[in-house]
Amino acid sequence: MEREKRERLNIYIQDLRERIRQAPFNGVAHYNLACALIGIGEYEEAKKELLKAIDHAPHLCEAYVQLGGLALREGDYETCLKLNKRASEISPSFAVPHSNIGFVYLQQGKVDEAIGALKRALELNPKLVQARTTLASAYLLKKEYDKCIEECEIVINQEPAFGPAYNNMALALMEKGEYKKAKEYFDLAQKNNYEVSREIIEELEEYL
């Protein structure tokens, strides 16, 4: 199946390259090509196409978001932040850049700034699971465990197979001293393909 998907992507890439050859200033075509290249792991080529997309279509905010994602992949938080801020300026009602800004702030230890950005993302799109999960993580760091649990419950209702939400829920319950319930949620996290920290499991077992 993976091989078939890659073959389809390669055909799509060839088609896009031909379109660009005929219309080299088509920013959307460059953007679509970049997304396809990301799909096959050609990140450097994708970056070049995204820069061309921005050059030809400066208000294509999705291109800034994708570039930010590539910067994040390289551990370049500042560039990721800058690009997503630019995307949010171009399209203030687009939730994803606000979510990404919140994620970067959280990685930088700026928890309050992260919460502000993530709340904004969720105002724009309440179903943005990644934003709500990151918000739950931020509340966990602030030791606001009930708020973390509340956000996790919403995520689990939206996406019952989303492992990170079960893990966050378990961590919050563990901090509240609800160890048996925490174990249930760690088990659910693992059942849904989330790798729970071995150290955390060993610590929990001491309380059970």
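Throughout what follows, the structure given in this document is the object of discussion. (Residues numbered from 1 in each chain as written. Predicted model: local features only at pLDDT ≥ 70, side-chain atom pairs only at ≥ 80, totals over all residues. Heavy atoms only, no water.)

So, on to the state of the cysteines. Scanning all chains against the criterion turns up zero disulfides. Looking at C35, it has no disulfide partner, and the nearest cysteine sulfur is the one in C61, 12 Å off. Relative accessible area serves as the criterion here: at 25%, C35 is assigned to the partly exposed category. Free cysteine C148: the closest other cysteine sulfur is in C152, separated by 4.1 Å. (Disulfide = S-S within 2.5 Å. Buried < 20%, exposed > 50% of the residue type's maximum accessible area, 1.4 Å probe, protein only.)

What follows concerns the environment of K180. By secondary structure assignment, the location of K180 is in helix α11 (residues 179-191). Residues K180 and Y12 lie 168 residues apart in sequence; the distance between their C-alpha atoms is 50 Å. (Helix = DSSP H or I, 4+ residues; strand = E, 2+ residues; numbered from the N terminus.)

One can describe the packing of helix α1 (residues 2-22) onto helix α2 (residues 27-39) by two numbers: an axis separation of 10 Å at closest approach and a directional angle of 155°. If you check the angle between α1 and α2, you find them roughly antiparallel. As for how α1 packs across α2, the hand of that crossing is left-handed. Together, L9, Y12, I13, L16, R17 and I20 of α1 and A29, H30, N32, L33, A36, L37 and G39 of α2 make up the contact between the two elements. For the contact of α1 with α2, the residue count by class is nine nonpolar, three polar and one charged. (Axes fitted to C-alpha atoms, helices over the stretch in contact; angles between N-to-C directions. Parallel < 35°, antiparallel > 145°, perpendicular 65-115°, else oblique. Left-handed = near helix turned anticlockwise from the far one by under 90°. Contact = heavy atoms within 4.5 Å. Nonpolar A, V, L, I, M, F, W, Y, C, P; charged D, E, K, R; others polar.)

Further remarks concern helix α5 (residues 77-90). An α-helical segment advances 3.6 residues per turn. Residues three or four places apart therefore align on the same side. Taking 1.5 Å as the rise per residue, α5 with 14 residues should run 20 Å; its terminal C-alpha atoms sit 20 Å apart, in good agreement. Residues of α5 that are buried: C80, L81, L83, N84, A87 and S88. On its buried face, α5 is in contact with α4 (61-73) and α6 (95-107). (Expected span 1.5 Å × (residues − 1).)

Turning our attention to the environment of N192. Take N192: it is sitting in the loop between α11 and α12 (198-207). For N192, a relative accessible area of 17% corresponds to the buried category. Along the backbone, N192 and E4 are 188 residues apart, and their C-alpha atoms lie at a distance of 26 Å. Sequence-distant contacts of N192, that is, excluding residues within four places in its chain, are made with P160, A161, G163 and Y166. Here the side chain of N192 touches L188 through a polar contact of 2.8 Å, landing on its backbone oxygen. (Polar contact = N/O pair within 3.5 Å; in protein donor to acceptor, adjacent residues only side chain to side chain.)

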